[in-house]
Amino acid sequence: MRTEEKKVICNCCQKVIWEGDGIPREEFLHVEKEWGYFSGKDGEIQEFDICEACYDKWVKSFQIPVKTIEVTELV
């Protein structure tokens, strides 16, 4: 019996992140945003995926650094 594989594609660089058994083979960021009344996108839902390398480049461009919290116990 063959397991169906899905893929996630980075919206920035188009890198393919394969999934097997519903488990991604590497980390990525998935963003889903439902825009509201006070935006020019009212009524839209947008979503995208970014690989870890593109995420690192993106957050380096922020004027205020991302807050990092170390997790010492991994579950």
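Shown above is the structure to which this text applies.
Quick notes on the rules
Residue positions within a chain follow its written sequence, with the count starting from 1. Predicted model: local features are reported for residues with pLDDT of at least 70 only, side-chain atom pairs are reported and counted for 80 or more only, and whole-chain, interface and lining totals are derived from all residues. Values shown for side chains rest on all heavy atoms present in the structure; no hydrogens or waters enter the calculation. By the criteria applied, helices consist of DSSP H or I runs no shorter than four residues and strands consist of E runs no shorter than two, each listed in order from the N terminus. Relative accessibility decides the category of a residue: with a 1.4 Å probe and only protein chains considered, values under 20% of the type maximum give buried, values over 50% give exposed, and everything between is partly exposed. Should any heavy atoms of two residues lie within 4.5 Å, those residues are counted as being in contact. The sign given to each residue is positive for Lys and Arg and negative for Asp and Glu; His and the chain ends receive no count. Working definition for charges: the position is that of NZ of Lys, CZ of Arg, CG of Asp or CD of Glu. The criterion for strand pairing is that DSSP finds at least two bridges linking the strands in question. A pair is scored as a salt bridge if a Lys or Arg side-chain nitrogen falls within 4 Å of a carboxyl oxygen belonging to Asp or Glu. Each patch is assembled from residues with relative accessible area greater than 30% and no salt bridge, linking like charges that lie within 9 Å and nonpolar side chains (Val, Leu, Ile, Met, Phe, Trp, Tyr) that lie within 5 Å. Under the convention used here, a 1.4 Å probe and the Shrake-Rupley method define accessible areas, while residue burial counts only the protein chains that appear.

Caption draft 1: Inspection of the overall build of the chain at higher detail. Within the chain one finds one helix and five strands. Helices and strands appear in the chain in the N-to-C order β-β-β-β-β-α. Taken along its principal axes, the extent of the C-alpha atoms in the chain is 50 × 35 × 25 Å. A burial count over the chain gives 13% of its 75 residues as buried. Across the chain, the fraction of contacts at a sequence separation of at least 24, relative to all contacts at a separation of at least 6, is 24%. For the chain, the distance from the average site of its 10 positive side-chain charges to the average site of its 16 negative ones is 5 Å.

Caption draft 2: Here's a closer look at the pairing of strand 2 (residues 16–20). With two bridges connecting them, strand 2 and strand 3 (residues 23–24) associate as antiparallel partners. Within the sheet, the bridge partner assigned to G20 lies in strand 3 and is I23.

Caption draft 3: Structural view of the pattern of salt bridges. On inspection of all chains with the given rule, the structure shows two salt bridges. Of the charged contacts in the structure, one is a salt bridge between E19 and K6, with a shortest N-O distance of 3.9 Å. With a gap of 13 residues between them, E19 in strand 2 and K6 in strand 1 (residues 5–9) connect regions that are remote in the sequence. Assessed through its relative accessible area of 10%, E19 is described here as buried.

Caption draft 4: Inspection of a nonpolar patch on the surface at higher detail. Together, I9, V16 and W18 make up a nonpolar patch on the protein surface, roughly 250 Å² of accessible area in all. Of note, W18 is situated in strand 2.

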